[in-house]
Amino acid sequence: MDSRLVQFVNCRLLRDHSIVKDDLWVRNGKIENPEKLFFDEKVQADVRIDCQGAIIAPGFIDLQINGGFGIDFSHDIAKVEEGVAKVAKGILAHGVTSFCPTLVTSPAKLYHQNLPRIKCKEGGAHGATVLGVHLEGPFISPQKKGAHPIEYIRTLDEGFQTLMDVYSTLDNVSIITMAPELANAPAVVKELSNRNVTVSVGHSMGDLRQGEIAVQHGATFITHLFNAMLPFHHRDPGLVGLLTSDAVPEGKTVFFGIIADGIHTHPAALRIAQRTHPAGLVLVTDAISALGLQEGTHQLGQMVVEVKDSRAFVAGTTTLCGSIANMIECVQHFAKATGCSMVTALEAASLHAAQTLGIERKKGTLQFGADADFVLLEDDYTVRSTWISGECVYKNPQYNK
Amino acid sequence: MRLVIQDNASEVSDWAARYVMRKINDFGPSADRFFVLGLPTGGTPLGMYKKLIELFKDGKVSFKYVKTFNMDEYVGLPRDHPESYHYYMFENFFKHIDIDPKNVHLLDGNAPNLEKECVEYEEKIKQSGGVDLFVGGIGPDGHIAFNEPGSSLVSRTRVKTLAQDTLEANARFFNNDISKVPKQALTVGVGTVMDAREVMILITGAHKAFALYKAIEEGVNHMWTVSAFQQHPRTLFICDEDATLELRVKTVKYFKKLQNDNIGPSDTLNDAHFSPCDGAQGKTQYALM
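Per an unreviewed UniProt entry, the recorded name for chain B is Glucosamine-6-phosphate isomerase, and the organism is Cloeon dipterum. Within the UniProt record for chain B, the comment given under Catalytic activity (unreviewed entry) is "alpha-D-glucosamine 6-phosphate + H2O = beta-D-fructose 6-phosphate + NH4(+)".

1. Structural notes on the pairing of strand β2 (residues 12–15) of chain A
Residue and element names in this part refer to chain A. Pairing between β2 and strand β3 (residues 18–21): 4 bridges, direction antiparallel. Bridge pairing in β3 links L14 to I19. Adjacent in sequence and paired antiparallel, β2 and β3 are bridged by 2 residues, among which D16 carries a positive phi angle near 50°. Where β2 lies against strand β7 (residues 55–58), 2 bridges are found, and the strand directions are parallel. What sits directly across from R12, in β7, is I55.

2. Observations regarding the sheet that holds β2 of chain A
All names here are of chain A. What the 6 strands build is an open sheet, ordered β3-β2-β7-β22-β23-β24; its pairing is mixed. Strands at the two margins of the open sheet, each flanked by one partner only, are β3 and β24 (391–395). Direction aside, the axes of adjacent strands within the sheet are offset by 30° on average.

3. A word on the packing of aromatic side chains
The final tally for this structure, using the stated rule, is 24 aromatic pairs over all chains. Between the aromatic rings of F34 of chain B and Y65 of chain B, the centroid separation amounts to 5.9 Å while the plane-to-plane angle is 80°, which identifies the pairing as edge-to-face. Here F34 of chain B, found in the loop between α1 (9–27) and β2 (35–39), pairs with Y65 of chain B, found in the loop between α2 (43–57) and β3 (66–70); they are 31 residues apart in sequence, far enough to count as distant. Ring geometry for Y74 of chain B versus Y85 of chain B: centroids 4.9 Å apart, planes at 45°, classification tilted. Of this pair, Y74 of chain B sits in strand β4 (residues 72–74) while Y85 of chain B sits in helix α3 (residues 85–92), and the two are 11 residues apart along the sequence. The pair Y74 of chain B / Y85 of chain B is uniform in exposure class, with both members buried. Among the aromatic residues, ring-to-ring pairing joins F38 and F39 of chain A together with Y49, F63, Y88, F90, F93 and F94 of chain B into one connected group. Lying over the aromatic face of F27 of chain B, R33 of chain B brings its terminal NZ or CZ to 3.8 Å of the ring centre. The ring centre of F34 of chain B lies 4.8 Å from the NZ or CZ of K67 of chain B, which sits over that ring.

The rules behind these values
Residues numbered from 1 in each chain as written. Chains lettered and ligands numbered in written order. Predicted model: local features only at pLDDT ≥ 70, side-chain atom pairs only at ≥ 80, totals over all residues. Heavy atoms only, no water. UniProt positions renumbered as here; feature names shortened; annotations may be inferred. Pairing = 2+ DSSP bridges. Helix = DSSP H or I, 4+ residues; strand = E, 2+ residues; numbered from the N terminus. Axes fitted to C-alpha atoms, helices over the stretch in contact; angles between N-to-C directions. Phe/Tyr/Trp six-rings, centres within 6.5 Å; stacked < 30°, edge-to-face > 60°. Buried < 20%, exposed > 50% of the residue type's maximum accessible area, 1.4 Å probe, protein only. Lys NZ or Arg CZ within 6 Å of the ring centre and 35° of its normal.

If you want it as structure tokens, here you go:
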């Protein structure tokens, strides 16, 4: 880690919910307070880096990503460490500095084998930080399974005990998505919250009341809003109604992931969500293994996938098989569809995810004392470079020194 | 005394900044010989700082070999409070230039022993070789720094209780809640500023006109402490037209004529006259990202 004091100049920062012209000071992988450096330590910068007018935003955080670059976390079991590392490295180019590798509904055996191997790991030149695993299933509704394999969907017959039997451990687990209407779900939600696991409702046939009960027991996230849940109905708002529910405990915010790839969520729906509960909106990619692959046909696990026009189809069909938009594309699409400010778009990709996990003092922010994970961007969100702990871990080849 | 009258506050700031730049560059400071600058805070000097930053960025002046001593600081206000003078100086000036933080001096309004802090400040000024140019402003009650009416004209750095006029003038920075304005401040004394080799006072606005009149057209009086500078060998007052409103026409005409006769259009205050000096921004190496 660089113990030199580095001053980033000629840049604009996302700070305190606005973009300001100011310098960024970094030392020992953390963001420093220049006032204290000046008056207490009386030091000047060892190194100055000219950002040539770029915007510095906190590094993006992806809470839901199933794989990428040919890797599928739920299926490439044998070399799971390598797989996670490959994705961690590849997403640096998208400005993502922290992520939650996501496992879809799988047999208990897979969790037993893999969970201990997908370790939380600080990022660096090797790749983005692994915050912890997002377990999307198997405690979901069979009617809202999406692309999950129905044979491995489970119920919580013995409540929390069943959950532990299936997963075997909660070490390295950040988020668990479950259907709140399952029997014993509320108690399980509560137990998980007490153990600092973020509980998310999703892949569910639940109505608003069931969602509210889950929130009152500690659930704080909604997995890919609109997808794999009942549609909003004006007399029965379903889980979508959590965005405006008055049953949310005082002081708590319900965050929600949304896939803004231009395909999974209609722009009008995106706007409704953004205008209704802007502070809770978290951009997620929910990307599949074809993320980052070139146009053409690819063998991915059991499936043959065709990447064409930035979409992934089951080969030979027009059936979409998951998102492959990267985080930058999601941010760009989100900003364009909603017409929102750059601050809003950037916070939806960084701050809100950090708040969801309760790590907003260190990640998703450029405040003093936070980890120096950030991204230099053009005004159109193109990534110029990505930095983790104050070290440049990705440089866009289009931008020469 | 010299009295320089400019059209408006913006031109006063400009002129003052260029004067400071010229004094530093003429002095030619180096590692063995620092230029010592006394600095004010407040509304009036803000424009001067902005202009100085511009001049620094254009490579026309460097603060690498400049030492600074600020005039004052509130007592009891946290250093990072938006109204503290540390905050003002850092945000409006120091963070934009190349000054070495070790060469920056401000009174510490949170020192455990305020009297000791003041005595040590005087000592630091002495050790620096004395102030070459002390820049200051003037309060509506004619005070310089926090030397309120009635302050000894030979006073040194000390703790002062602020006058009602000052509290009222400053309330606008504390949400118009006068109860939030600090009641005490540490300030250099009139005597301290008088020790400087040269003094430059900035005065802008009609609300300062009466104070300017009292300062230069009436006698030396501890009720209008800026008047003490009538007895300083090198004092320069720069003001705008509005600040001259209470002066005699004769005074204004006299100094305007002096200005026109001695400082013509191609004067040395023109930017183009100055070449970049060592340490100015043009010579720093930057890594591009």
